[in-house]
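Descriptive analysis of the structure
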Amino acid sequence: MEGHCKLCPQCNGRACKNQIPGPGAKGIGDTAIRNYDKWKEIRINMDTLTEKREVSTAFSLFGKTFAAPFFAGPVGAVNMHYGDKYNDLEYNNILVPACKESGIAAFTGDGMDPEVMKAASIAIKEAGGLGVPTVKPWNKAMIAEKLGLVKESGAFAVAMDIDAAGLPFLKNFQPPAGSKSVEEMREIIEEAGIPFIVKGIMTVKAARKAKEAGASAIIVSNHGGRVLDQCPATAEVLEAIADEVGGSMKVLVDGGIRDGVDVFKALALGADAVLLARPFVNAVYGGEGQAVKDYVAKVQAELADTMAMCGAYALDEICKDMIWR
């Protein structure tokens with residue numbers, strides 16, 4: 001793959017570090033590296049003194065059943081940050097159907113170019129609504145326009161990455177865009193009319209506010225380190241957030257998650273599901289739809305193997321005592 005991505009053996013943030021454009025992170029690039037490292041510090045407690053049963057990775061969200069509890073995360077401006085082989089429209093047209101065929105769903109990105117959201121909405125509509133458009137925290141009028149496209153797509157849920165408030169083009173956008181009050185978010189969620197996911201939650205306090213606004217789910221996320229330098233890793237804050245709101249709303253997490261073992265760790269800490277983003281970009285650029293399917297199968301197999309080796313034969317059997325910290 002030609003472009004900014006260096007195709008490291010491990011996508012750990014070290015080589016690209018603070019290189020933007022590119023898949024790096026803001027400031028010194030510390031947050032993306034920390035995201036990856038903190039998952040690897042968590043270890044797995046093996047226990048095979050269990051009755052052997054068939055492992056199921058099946059997962060349900062908002063009335064839809066998926067093959068596994070992970071999704072492709074939203075990525076925007078792929079041609080600028082990864083390479084000019086694809087633009088966002090072409091990227092989503094490969095990713096969305098490949099994820100559907102693999103039994104999961106893709107979150108799609110948003111951007112300054114209105115054609116990005118339009119094309120993503122069409123791709124999701126063609127996939128029978130099996131996708132989650134992710135709207136940036138624009139001004140009120142622009143959000144209403146984007147939500148109109150979401151409704152036309154028939155998407156089963158919609159997301160807003162409120163952490164994108166730290167992106168330069170959002171900070172300089174006119175009319176003003178960016179951070180939202182609880183009341184503003186409540187109005188947006190009511191206007192959406194479908195399950196709404198708030199992405200960019202990094203504290204218990206923020207999780208409570210998302211719940212107050214009426215969110216159906218949150219994503220514990222620091223935007224891959226791209227919006228604020230020297231943040232905690234998502235693995236460090238997930239457990240407290242899940243303990244606070246788990247059960248009352250769905251909790252998802254992203255940031256440095258790369259394989260099925262990482263997915264298992266996130267579920268053990270209280271997440272209902274996870275998002276993986278950068279690896280799906282590499283899959284699309286490296287081998288298009290087939291590579292996406294291969295990557296999904298790999299992560300699902302790793303998750304199932306880890307579950308079996310810990311005595312968890314269904315997702316609701318995964319618990320905190322199966323990991324060591």
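Residues numbered from 1 in each chain as written. Predicted model: local features only at pLDDT ≥ 70, side-chain atom pairs only at ≥ 80, totals over all residues. Heavy atoms only, no water.

Turning next to the packing of helix α3 (residues 88-102) against helix α4 (residues 114-126). Relative to each other, α3 and α4 sit at 20°, their axes nearing to 9 Å. Here α3 lies roughly parallel to α4, going by the angle between them. The handedness of the crossing between α3 and α4 comes out as right-handed. For the pair α3 and α4, the contacting residues are Asp88, Leu89, Asn92, Asn93 and Val96 in the first and Glu115, Val116, Ala119, Ala120, Ala123 and Ile124 in the second. Among the residues forming the contact of α3 with α4, the class breakdown is seven nonpolar, two polar and two charged. (Axes fitted to C-alpha atoms, helices over the stretch in contact; angles between N-to-C directions. Helix = DSSP H or I, 4+ residues; strand = E, 2+ residues; numbered from the N terminus. Parallel < 35°, antiparallel > 145°, perpendicular 65-115°, else oblique. Left-handed = near helix turned anticlockwise from the far one by under 90°. Contact = heavy atoms within 4.5 Å. Nonpolar A, V, L, I, M, F, W, Y, C, P; charged D, E, K, R; others polar.)

For residues other than glycine, phi is negative in most cases, and the peptide bonds are mostly trans. Here the residue pair Ile20 and Pro21 is connected by a cis peptide bond, since its omega of 5° sits within 30 degrees of zero. Mapped onto the secondary structure, Pro21 falls in the segment before α1 (30-41). The peptide bond linking Gln174 to Pro175 adopts the cis configuration, its omega dihedral lying at 0°. Here Pro175 lies in the loop between α6 (168-171) and α7 (182-192). Located in the positive-phi region is Phe62, a residue other than glycine, with phi close to 55°. The residue Phe62 is located in the loop between β2 (59-61) and β3 (64-66) in this model. On the basis of relative accessible area, Phe62 is assigned to the partly exposed category, the value being 24%. (Buried < 20%, exposed > 50% of the residue type's maximum accessible area, 1.4 Å probe, protein only.)

Structurally, Thr31 can be placed in helix α1. Polar side-chain contacts of Thr31 include one of 3.2 Å to the backbone oxygen of Leu228. One polar contact links the side chain of Thr31 to the main-chain amide nitrogen of Cys231, over a distance of 3.0 Å. Excluding residues within four positions of it along the chain, Thr31 makes contact with Asn222, Gly225, Leu228, Asp229, Gln230, Cys231 and Pro232. (Polar contact = N/O pair within 3.5 Å; in protein donor to acceptor, adjacent residues only side chain to side chain.)

Judged by nonpolar contacts, the single largest core of 102 residues is most densely connected at Phe71, Ile218 and Phe280. With 13 residues, helix α11 (residues 278-310) is the single largest residue contributor to this core. Once residues within four sequence positions are removed from consideration, Ile218 is found in contact with Ile197, Val198, Ile201, Ala207, Ala210, Ile241, Val245, Met249, Lys250, Val251 and Leu252. (Core = buried A, V, L, I, M, F, W, Y, C linked by side-chain atoms within 4.5 Å.)

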